[in-house]
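Examining the three-dimensional arrangement
Below are the chains, spelled out letter by letter.
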Amino acid sequence: MIIENNKSLIRFNSFGFDVSAEHYTAVENIADLHDAICWTLEHKKPCLILGGGSNIVFTRNVEGLVIHMALKGVDITEQGKTATVRVAAGENWHKLVEKTLSRGLFGLENLALIPGQAGAAPIQNIGAYGIEVCQRLSSVEVYDTQDRCERTLPAAECDFAYRHSLFKTPAGRRYIVTAINLILSTVDAPDVTYRALIDNLAKKNIVTPSARQVFDTVCDIRTQKLPDPAVIGNAGSFFKNPVIKRQLFDTLKTNYPDLPGFPEDTGRIKVPAAWLIDRAGWKGQRSDRVGVHRAQALVLVNHGGGNGQQIAMLADKIQQDILQRYGVHLEREPMLY
Ligand code: EPU
């Protein structure tokens, strides 16, 4: 295990904030991870587990040890019409989507171009264009920092919900995701239920799309709407879409008749945070060196030279304004450090 001191994290967070880690190590296997955890206990230092850094806002330098998950490997086992795919936590998510698709394994095509690593996918239960990763997961392999051993948690025990899992709760903090196990299909029958996906396929006159066509279309939509973190620093959607009471939705509808709403099984209504932020006039606004993206109001961006405190302040202002205007509380999606 190699530990570096005062390591810049600029390349390890998609906002591109120039903070440093007091100590840093990249782990390539479970033994290294075990040693890194033991090191933090021995030295009485906190630790921060970092994947692709695409869902974190650094507002300061990191104390203790940053453990970068660099475990690699994709193992595919086909059985008839399905395949199980074991993916180590350090694999790049989008490359995995491309790889499985080109092997004729379907089910991840709607999740194309999501930044980050495979190990982070179950933590916030990544989702896009009608699919959430929990629908494809059979289990999650973890390192249990409390008992210092490996475990495999069946998906049903991971408490998955919209942008939520066990791993985000106090009970799940003891676990570090080391690999995910997916079940994919050899049958090319993509899920085409999301409005924006249907509309974009229709524009191309595609009636019965293949998984490859869904993949290409998702890539087109994302490229148009979402900034590439390599060009403009960002962490994707900054807020979750709020789920509100029917009564509040009905009241809002009288003032804003074109407010979209998607009923949940619970009777509550999910509304697009992007719509609320956009109609409140925030889209394209700048504050210091950060701002709200001009093509997608849900994405906060670093225009270059910005920092995490500026992002946190902008997010606070937006949250307060949305609460005042609509009576809706927006919940932040990325972790603030
Ligand atoms: N809208 C606006 N203004 C905008 C953008 C969108 O009014 O600037 C409206 C649209 O007209 C539409 C609605 O908001 O009625 C929904 O927009 P969109 O389909 O773009 O989806 P979203 O709710 O903004 C969510 C996810 C994205 C995911 C897309 C596609 C969350 C927090 N975000 O965005 O996820 O890619 O759906 O499924 O659920 C991410 O998590 O980082 C992310 C990008």
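Conventions we followed
- Residues numbered from 1 in each chain as written.
- Predicted model: local features only at pLDDT ≥ 70, side-chain atom pairs only at ≥ 80, totals over all residues.
- Heavy atoms only, no water.
- Axes fitted to C-alpha atoms, helices over the stretch in contact; angles between N-to-C directions.
- Helix = DSSP H or I, 4+ residues; strand = E, 2+ residues; numbered from the N terminus.
- Parallel < 35°, antiparallel > 145°, perpendicular 65-115°, else oblique.
- Left-handed = near helix turned anticlockwise from the far one by under 90°.
- Contact = heavy atoms within 4.5 Å.
- Buried < 20%, exposed > 50% of the residue type's maximum accessible area, 1.4 Å probe, protein only.
- Polar contact = N/O pair within 3.5 Å; in protein donor to acceptor, adjacent residues only side chain to side chain.
- Expected span 1.5 Å × (residues − 1).
- Near = heavy atom within 4 Å.
- Areas by Shrake-Rupley, 256 points an atom, 1.4 Å probe, with all protein chains shown as cover.
- Nonpolar A, V, L, I, M, F, W, Y, C, P; charged D, E, K, R; others polar.
- Domains from an automatic or database assignment.
- Buried area = accessible area lost by both parts, 1.4 Å probe.
- Salt bridge = Lys/Arg side-chain N within 4 Å of Asp/Glu carboxyl O.
- Core = buried A, V, L, I, M, F, W, Y, C linked by side-chain atoms within 4.5 Å.

1. Digging into the packing of helix α2 (residues 93-102) against helix α4 (residues 211-225)
Two elements in contact, α2 and α4, have axes separated by 10 Å at closest approach and are oriented at 155°. When the interaxial angle is binned, α2 and α4 end up roughly antiparallel. For the pair α2 and α4, the sense of crossing is left-handed. Here H94, V97, E98, L101 and S102 of α2 come into contact with α4, specifically with A211, R212, F215 and C219.

2. Considering the side chain of D321
Along the chain, D321 turns up in helix α7 (residues 308-326). Those residues in contact with D321 that lie beyond four places of it in its chain are A280 and W282.

3. Side note on the environment of Y162
With respect to the helices and strands, the residue Y162 is situated in the loop between β11 (149-154) and β12 (175-185). Accessibility expressed as a relative area gives 21% for Y162, which makes it partly exposed. C-alpha separation for the pair Y162 and G305, spaced 143 residues apart in sequence, amounts to 33 Å. A polar atom in the side chain of Y162 sits 2.8 Å from the backbone nitrogen of N241.

4. Overview of helix α1 (residues 30-42)
Here α1 contains 13 residues, and its C-alpha end-to-end distance of 18 Å stays within 8% of the 18 Å for a straight helix at 1.5 Å per residue. If you check the start of α1, you find a side-chain oxygen 3.3 Å away from the backbone N of A31, and it comes from N29. Once α1 ends, the next one or two residues include K44, with phi positive near 50°.

5. Considering the site of the ligand
In the region of the ligand, 24 residues are neighbours, and Y129, Y162, R163, Y194 and D278 sit closest. Here an oxygen atom of the ligand sits 3.4 Å away from a polar atom, N or O, in the side chain of R222. In this structure, an oxygen atom belonging to the ligand sits 2.8 Å away from a main-chain N or O atom of S237. Compared with its free state, where it exposes 820 Å², the ligand has 83% of that area covered by protein. Elements supplying a minimum of two residues to the shell around the ligand: α4, β13 (233-237) and α6 (273-279). Partitioned by chemical class, the residues of the shell around the ligand number 12 nonpolar, 4 polar and 8 charged. Residues lining the shell around the ligand come from more than one domain, with at least three contributed by each of domain 2 (74-185) and domain 4 (233-336).

6. Some words on the domain arrangement of the chain
Domain parsing of the chain yields domain 1 (4-69), domain 2 (74-185), domain 3 (195-223) and domain 4 (233-336). For domain 2 versus domain 3, the separation of C-alpha centres amounts to 24 Å. In this assembly, 14 residues from domain 2 lie in contact with 10 residues from domain 3. Of the roughly 1000 Å² buried at the junction of domain 2 and domain 3 (both faces included), carbon and sulfur atoms supply 76%. Looking only at domain 2, the three residues that lose the most surface to domain 3 are L101, L113 and Y129, adding up to 52% of its buried area. Taken together, the links from domain 2 to domain 3 amount to 0 salt bridges. Our count for the domain 2 to domain 3 interface comes out at 0 residue pairs in polar contact (both at pLDDT 80 or more).

7. As for the nonpolar core
One finds W93, F167 and L182 to be the most contacted residues of the largest nonpolar core, which totals 44 residues. Of all the secondary-structure elements, those providing two or more residues to this core are β7 (82-88), α2, β10 (137-144), β12, α3 (195-203) and α4. At 6 residues, α4 tops the list of elements feeding residues into this core. Both domain 2 (74-185) and domain 3 (195-223) contribute no fewer than three residues apiece to this core. In this structure, L252, W275, L276 and L314 belong to the second largest nonpolar core, which totals 32 residues.

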